[in-house]
Amino acid sequence: MSENISHEFYFFLHAALTGVILSVVYDVFRIVRRVHTHGCLWIAIEDFCYWLCSALYMFYVLMKENNGVIRWFFIIGILLGMLVYNFTISPYIVGVLSKIIRKTLDILEKIVTIILKPWTFLWKKVKKFLQKIGKIFKKALKKCFKTIKIGLRKK
């Protein structure tokens, strides 16, 4: 194989790998969105940041590998890498990792709830006590102001 053809072949493989990398990064966003729901605005911001970083990464790869010249087989290589990854491995990775993370967070939430249960019980009692003291203090202040008002009127 000539040197030019081997360079083009490796360039195409690098383009396909770039497509896989971009898909893996987007899968991170998909997993986070499955674990914790996002609003439309937040999704739009995430997607904008993803595509901006993707464009910069593709530009970097083009500059490094092909002196910045955009070639159709580079774009086809990226699309091919994305498609192969998205239709083979991606559904399993996103599904499994989403379930694992969600289950882990559920377990951690239960542990934290158990650990904090005595403190929440204590906080409720302290809060109730402070509310009673506040009511008593409020009544005492009203009586005091009433006494001061009566005293001021007599003068």
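Residues numbered from 1 in each chain as written. Predicted model: local features only at pLDDT ≥ 70, side-chain atom pairs only at ≥ 80, totals over all residues. Heavy atoms only, no water.

So, on to the overall build of the protein. Assigned secondary structure in the protein consists of four helices and zero strands. Ordering the α and β elements of the protein from the N terminus gives α-α-α-α. Taken along the three principal axes of its C-alpha coordinates, the protein extends 110 × 40 × 20 Å. Split into buried and exposed, the 155 residues of the protein put 17% on the buried side. By sequence separation, contacts in the protein at least 24 residues apart represent 79% of the contacts at least 6 residues apart. The average position of the 25 basic charges and that of the 8 acidic charges among the side chains of the protein differ by 40 Å. (Helix = DSSP H or I, 4+ residues; strand = E, 2+ residues; numbered from the N terminus. Buried < 20%, exposed > 50% of the residue type's maximum accessible area, 1.4 Å probe, protein only. Contact = heavy atoms within 4.5 Å. Lys, Arg positive; Asp, Glu negative; His and termini not counted. Charge placed at Lys NZ, Arg CZ, Asp CG, Glu CD.)

By secondary structure assignment, the location of Leu-56 is in helix α2 (residues 40-66). On the basis of relative accessible area, Leu-56 is assigned to the exposed category, the value being 54%. For the pair formed by Leu-56 and Ile-100, sequence separation is 44 residues and the distance between their alpha carbons is 32 Å.

What follows covers the nonpolar core. Formed by Phe-11, Ala-15, Leu-22, Tyr-50, Val-61, Leu-62, Phe-74, Ile-78 and Met-82, the largest nonpolar core amounts to nine residues. Mapped by element, the contributors of at least two residues to this core are α1 (3-35), α2 and α3 (72-88). The contact partners of Leu-62, leaving out residues within four places of it in the chain, are Phe-11, Asn-67, Gly-68, Val-69, Ile-70 and Phe-74. (Core = buried A, V, L, I, M, F, W, Y, C linked by side-chain atoms within 4.5 Å.)

With that settled, the discussion passes to the confidence of the model for the protein. Averaged over all residues, the pLDDT of the protein equals 86, while 95% of them reach at least 70. The element-level mean pLDDT for the protein is lowest in helix α4 (residues 90-154), coming to 84, with α3 highest at 91. (pLDDT = per-residue confidence, 0-100.)

Turning our attention to a positive patch on the surface. Taken together, Lys-125, Lys-128, Lys-132, Lys-135, Lys-139 and Lys-143 make up a surface patch of like positive charges. Mapped onto the elements of the fold, Lys-139 is located in helix α4. Looking at Lys-139, the relative accessible area reads 61%, which means it is exposed. (Patch = residues over 30% accessible without salt bridge, like charges linked within 9 Å, V, L, I, M, F, W, Y side chains within 5 Å. Areas by Shrake-Rupley, 256 points an atom, 1.4 Å probe, with all protein chains shown as cover. Salt bridge = Lys/Arg side-chain N within 4 Å of Asp/Glu carboxyl O.)

What follows is about the packing of aromatic side chains. Applying the stated rule across the entire model yields eight aromatic pairs. When the ring of Phe-11 is compared with that of Phe-74, the centres are 5.3 Å apart and the planes differ by 20 degrees; the resulting orientation is stacked. Placement of the pair is Phe-11 in helix α1 and Phe-74 in helix α3, with a sequence separation of 63 residues. The residues Phe-11 and Phe-74 share a single accessibility class, namely buried. The structure contains a cluster of three or more aromatic residues connected by ring pairs, namely Phe-11, Phe-12, Phe-73 and Phe-74. (Phe/Tyr/Trp six-rings, centres within 6.5 Å; stacked < 30°, edge-to-face > 60°.)

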